[in-house]
Amino acid sequence: MDTEIDIKGLSEGLLISLPTGDWESVRDMLLDAVAQQAEFFNGARVALQLLDRELGAAELGRLRDELSSSGVTLWAVLSTNEITRGAAADLGLDRELPSRSPRTSEDRPTGDQALPGEEAILIERTLRSGHSVRFPGHVMVLGDVNPGAEITAGGHIIIWGRLRGVVHAGAEGDESAVVCALDLAPTQLRIASHISVSPARKGKPKPEMALVREGQLIAEPWQAKRG
Amino acid sequence: MTAKIVTITSGKGGVGKTTATANLGAALASHGLRVVCIDADIGLRNLDVVMGLENRIVYDFVDVVEGRCKLRQAMIRDKRLENLFLIPAAQTRDKTAVSPQDMIRLGEELRHDFDWVLIDSPAGIERGFRNAIAPADLVLIVTNPEVSAVRDADRIIGLIEAEEKGPGRLILNRVKPEMVRRGDMLGTEDILDVLAIELIGIVPEDERVTVATNQGVPIALDAGSRAGQAFQNIARRLLGEEVPFESLEGRDGFFGRISRLMRAGGEG
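Residues numbered from 1 in each chain as written. Chains lettered and ligands numbered in written order. Predicted model: local features only at pLDDT ≥ 70, side-chain atom pairs only at ≥ 80, totals over all residues.

### Quick notes on the overall build of chain B
The criterion, for reference: A helix here means a DSSP run of H or I that spans at least four residues, while a strand means a run of E at least two residues long, and both kinds are numbered starting from the N terminus. C-beta atoms are placed from the backbone for every residue, and two residues are taken to be in contact when these atoms lie within 7 Å.
Looking only at helices and strands, one finds 12 helices and eight strands in chain B. At a minimum sequence separation of 6, the contacts of chain B that also span at least 24 residues come to 75%.

Below, the structure written as C-alpha cells:
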C-alpha cells in the first residue's frame, strides 16, 4: 500500500487508501486512476484513507471539486491528523466509516479454517428497473435482475435467477471475469471492453456462463469447475 | 370508522389508473361502504370528469391544504351513490403545491369518516407519485400487457419497496384475450414472471369502458360489462373475499400456451 492506490468496496461506497509521499503527485495519481476507469468511477461515493497526512481545507476542497467533476462524490475522509480531520469537518465530510462496514481482508478470522478470498457482495433480492449496483469486487444476486436494472462489478457477476438487465463484469479491464446466471438473457452483457447482446432464446432456459475466450465474448453451459 | 387508504399508481401514463380508481370507488360504495376518491394528479385533474362530477367543483384539494376551505366543503357527493365522494385536484397549480406530509395529514383526517380512501396517483416517479403513496396502507399497481408498461410497473414496484409501502398488488388492465390466445400479447404468466407480485385483478379490454368514461358513468355499475365485472371482483378481493380469477385466456388456454412457446422458440 506504500506506492499504490488501494480500492475496497464497502456497502456505502468505495474506500480508497492513498500511498504516502508528495501530495501533488499522489493526488495526480488518484485523478489519473479515476480518469482511466471513468466508467467504473462515474457516480461512485468515495471515502479516502489519508492516515496521518496533513491537508488543509483548501487542498481537500480542491480535490473534492476535481473528483466531483468526474462524477465522484467524496463523502468521508479518514485520518489521524487533527488538521486534516478539522478540514474535513469544515467541508462537512464524514470522518468515520459507519460501524457496520464489512470486514476487510486485514480483520478476517485467521484461524486454520480461513481460506483466502476476495471481496464480494451478496444481494438477496430482485433488482428491478432503475436499480443500480456498482462494486469493485464480485457481485452475487439471489434473485432476478429485471430489464432496466444494471450491475457493474470489478470481478465476476453471479445471478442465482433470471438475468434480463444490463451487466458489466471485469469493469476495471479484467478479461478473466465471467457472468453466470440460471437464465442468461441480458439486455446487454459486457466483460472488460467486450460488449454483446443476447441472441434470441431457443427452448428452455439453462444455466449459462458468459466469458471471454480468444478475444470473443461467448456463452456456454454453466457447469461445475473442473481442475 | 377506520378507513383503509389505497393508492392506485402505475409509472406509465394512460394505463387506466383513473378509470380503475373511479370504478373501484363505485364498486366499494355499491356494497354500502363509505368511500372517498382523491385526485392527486394536481394540474392534470381528470378523475372528476371520469366520475361525471366536473360541473360540481367549487373547492379543490389544494384549497384544503392551503386552508381556504374545510375538508368537508371540498368533498363532492356522487350523483348515483350517496356514500361515494370525490376530492378533486386543482387544475391551475402543480404538484409542488402539496407535500407528502400534507397527504398524510389529509389521510388521517379522512380515516375517521370513511371505510375506504382511494388515491388516484399521477403518472411518473416524481413528487406527485411520492405525495400519492405517502399515506397509503396498500398500493395497487395498474399495468397493461405491453413491454413498456410492465417495465415502468417494475420501476414503480422498486420505488414502493424502497418506501416500505410494498410490495403492492397488481391490476392487469386492458387485456385482449383474443390476442393473448394468438400469442401476440404478453400473457398474465409472462408479466407475473417479471414483476413477481400478487395479482388482484385482470380487466379485459372493453369498448364499453370508453363509452362509460366519456359519459362519466362508472362501468362497475354495468352488470353486463366484463370489465365492470372485473372491477367488482377486485373490490370484493379488497374486502377479503376469495374470488377466483376470470379465465380470460379461454378454454384453449393450454394449446394457446403451447403455440406461444413454439412461436417464441421459432423466432430464435
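There is more to say, and it comes next.
### Thoughts on the overall build of chain A
We apply this condition: Burial in this document is a count-based property: other C-beta atoms within 10 Å of a residue's C-beta are tallied, and the residue is buried at 20 or more, exposed at 12 or fewer, or partly exposed in between, with C-beta positions derived from the backbone.
Helices and strands together make up the secondary structure of chain A, namely four helices and 15 strands. Burial statistics for chain A: of 227 residues in total, 33% are counted as buried. Sequence-distant contacts, at least 24 apart, represent 36% of the contacts inside chain A between residues at least 6 apart.

### Remarks on helix H5 (residues 100-111) of chain B
All names here are of chain B. Formally: In this scheme, a helix's expected span is set at 1.5 Å multiplied by one less than its residue total. Directions drawn from the helix axis to the C-beta atoms are what define this arc.
The end-to-end C-alpha distance of H5 is 16 Å, a good match for the 16 Å that 12 residues give at a rise of 1.5 Å each. Those residues of H5 lying buried are Met103, Leu106 and Leu110. Buried residues in H5, looked at end-on, bunch into an arc of 65 degrees, giving them a common side. Counted as exposed and oriented over 90 degrees from the buried face of H5: Gln101, Glu108 and Glu109. Along its buried surface, H5 packs onto strand E2 (35-39), helix H3 (61-65), strand E5 (116-120) and helix H6 (127-133).

### Thoughts on the interface of chain A and chain B
The line we're drawing: When residues are grouped by polarity, Ala, Val, Leu, Ile, Met, Phe, Trp, Tyr, Cys and Pro land in nonpolar, Asp, Glu, Lys and Arg in charged, and all others, Gly among them, in polar.
Taken together, the 12 residues of chain A in the interface contact 11 residues of chain B. Tallied by class, residues from the side of chain A that touches chain B come to two nonpolar, seven polar and three charged.

### Observations regarding the sheet that holds strand E1 (residues 6-10) of chain A
Residue and element names in this part refer to chain A. What counts here: One bridge is not enough; two strands pair if DSSP finds at least two bridges between them. Axis angles are defined between N-to-C directions and span 0 to 180 degrees, where every axis is a line fitted to C-alpha atoms and, for a helix, only to the segment in contact.
With mixed pairing, the four strands of this open sheet are ordered in space as E1-E2-E3-E4. One side of each edge strand has no neighbouring strand; the edge strands of this open sheet are E1 and strand E4 (73-78). The average angle at which neighbouring strand axes cross in this sheet is 25 degrees, direction not considered. Where strand E2 (residues 13-17) meets strand E3 (residues 45-49), four bridges bridge the pair, whose relative direction is parallel. Residue Ser17 lies in a different strand from E3, and its bridge partner there is Gln49. The sheet contacts of helix H3 (residues 57-69) involve E3 and E4, and relative to E4 the element is tilted by about 145 degrees.

### Topic: the confidence of the model for chain A
All names here are of chain A. Stated formally: For every residue, the pLDDT score states the predictor's confidence, bounded by 0 at the bottom and 100 at the top.
Summary statistics for chain A give a mean pLDDT of 85 and a share of 90% for residues scoring 70 or more. Ranking the elements of chain A by mean pLDDT puts E1 last with 79 and strand E7 (residues 138-141) first with 97. With pLDDT under 50 throughout, residues 100-111 is counted as low confidence; its partners more than four residues away or in other chains account for seven contacts.

### Examining the packing of helix H7 (residues 147-162) of chain B against helix H9 (residues 188-195) of chain B
In helix packing, the relevant descriptors are the interaxial angle and the interaxial distance, both defined with respect to the helix axes. Residues and elements named next belong to chain B. Definition in use: Crossing handedness follows the turn of the near helix against the far one: under a right angle anticlockwise gives a left-handed crossing, and clockwise gives a right-handed one.
Running from amino to carboxyl end, H7 crosses H9 at an angle of 35 degrees, the nearest separation of the two axes being 10 Å. Crossing geometry of H7 relative to H9 is assigned as right-handed. From H7, Val150, Ala153, Asp154 and Ile157 reach across to H9, where they touch Ile191, Val194 and Leu195. Broken down by class, the residue content of the contact of H7 with H9 amounts to six nonpolar, no polar and one charged.

### A word on H9 of chain B
All names here are of chain B. Every buried residue belonging to H9 is among Ile191, Val194 and Leu195, and all of these are buried. With its buried residues spanning 90 degrees around the axis, H9 presents them on a single face. Downstream of H9 by one or two residues, Ala196 has phi in the positive range, about 50 degrees.

### Observations regarding the pairing of E4 of chain A
Residue and element names in this part refer to chain A. Worth spelling out the cut-off: A clockwise path from the first strand over the helix to the second, with the strands pointing away from the viewer, defines a right-handed crossover.
Note that E3 and E4 share five bridges and pair parallel. Each residue of the ladder has a partner; that of Val46, found in E4, is Leu74. At this point the chain moves from E3, through H3, to the parallel E4, and the crossover so formed is right-handed.

### With respect to the packing of helix H1 (residues 17-29) of chain B against helix H11 (residues 226-238) of chain B
Residues and elements named next belong to chain B. For the pair H1 and H11, interaxial distance at closest approach is 9 Å and the crossing angle is 65 degrees. In the crossing of H1 with H11, the sense of the turn from one axis to the other is right-handed. Of H11, the residues touching H1 (which contributes Asn23, Leu24, Ala27 and Leu28) are Phe231, Gln232, Ile234, Ala235 and Leu238. Class assignment of the residues belonging to the contact of H1 with H11 gives a composition of seven nonpolar, two polar and no charged.

### Let's talk about the confidence of the model for chain B
Residues and elements named next belong to chain B. Chain-level statistics for chain B give a pLDDT mean of 90 and a share of 92% at 70 or above. Put simply, helix H12 (residues 253-267) is where chain B has its lowest mean pLDDT, 49, and E5 is where it has its highest, 98. As a predicted assembly, this complex carries a pTM of 0.70 together with an ipTM value of 0.72.

### Section: the pairing of E2 of chain A
Residue and element names in this part refer to chain A. With five bridges connecting them, E1 and E2 associate as antiparallel partners. Residue Lys8 lies in a different strand from E2, and its bridge partner there is Leu15. As consecutive antiparallel partners, E1 and E2 are separated by two residues.

### Observations concerning the sheet that holds strand E6 (residues 132-135) of chain A
All names here are of chain A. Strand order across the open sheet formed by five strands is E6-E8-E10-E12-E13, with mixed pairing between neighbours. Of all the strands in the sheet, just E6 and strand E13 (194-196) have a single pairing partner and so form its edges. Neighbour-to-neighbour, the strand axes of this sheet turn through a mean angle of 5 degrees, independent of strand direction. Pairing between strand E8 (residues 150-153) and strand E10 (residues 166-169): three bridges, direction parallel. Along E10, the bridge assignment pairs Ile151 with Val167.

### Some words on the environment of Arg169 of chain B
In this fold, Arg169 of chain B is placed in strand E7 (residues 169-175). Not counting residues up to four positions away in its chain, the partners in contact with Arg169 of chain B are Leu140, Ile197, Glu198, Leu199 and Ile200 of chain B.

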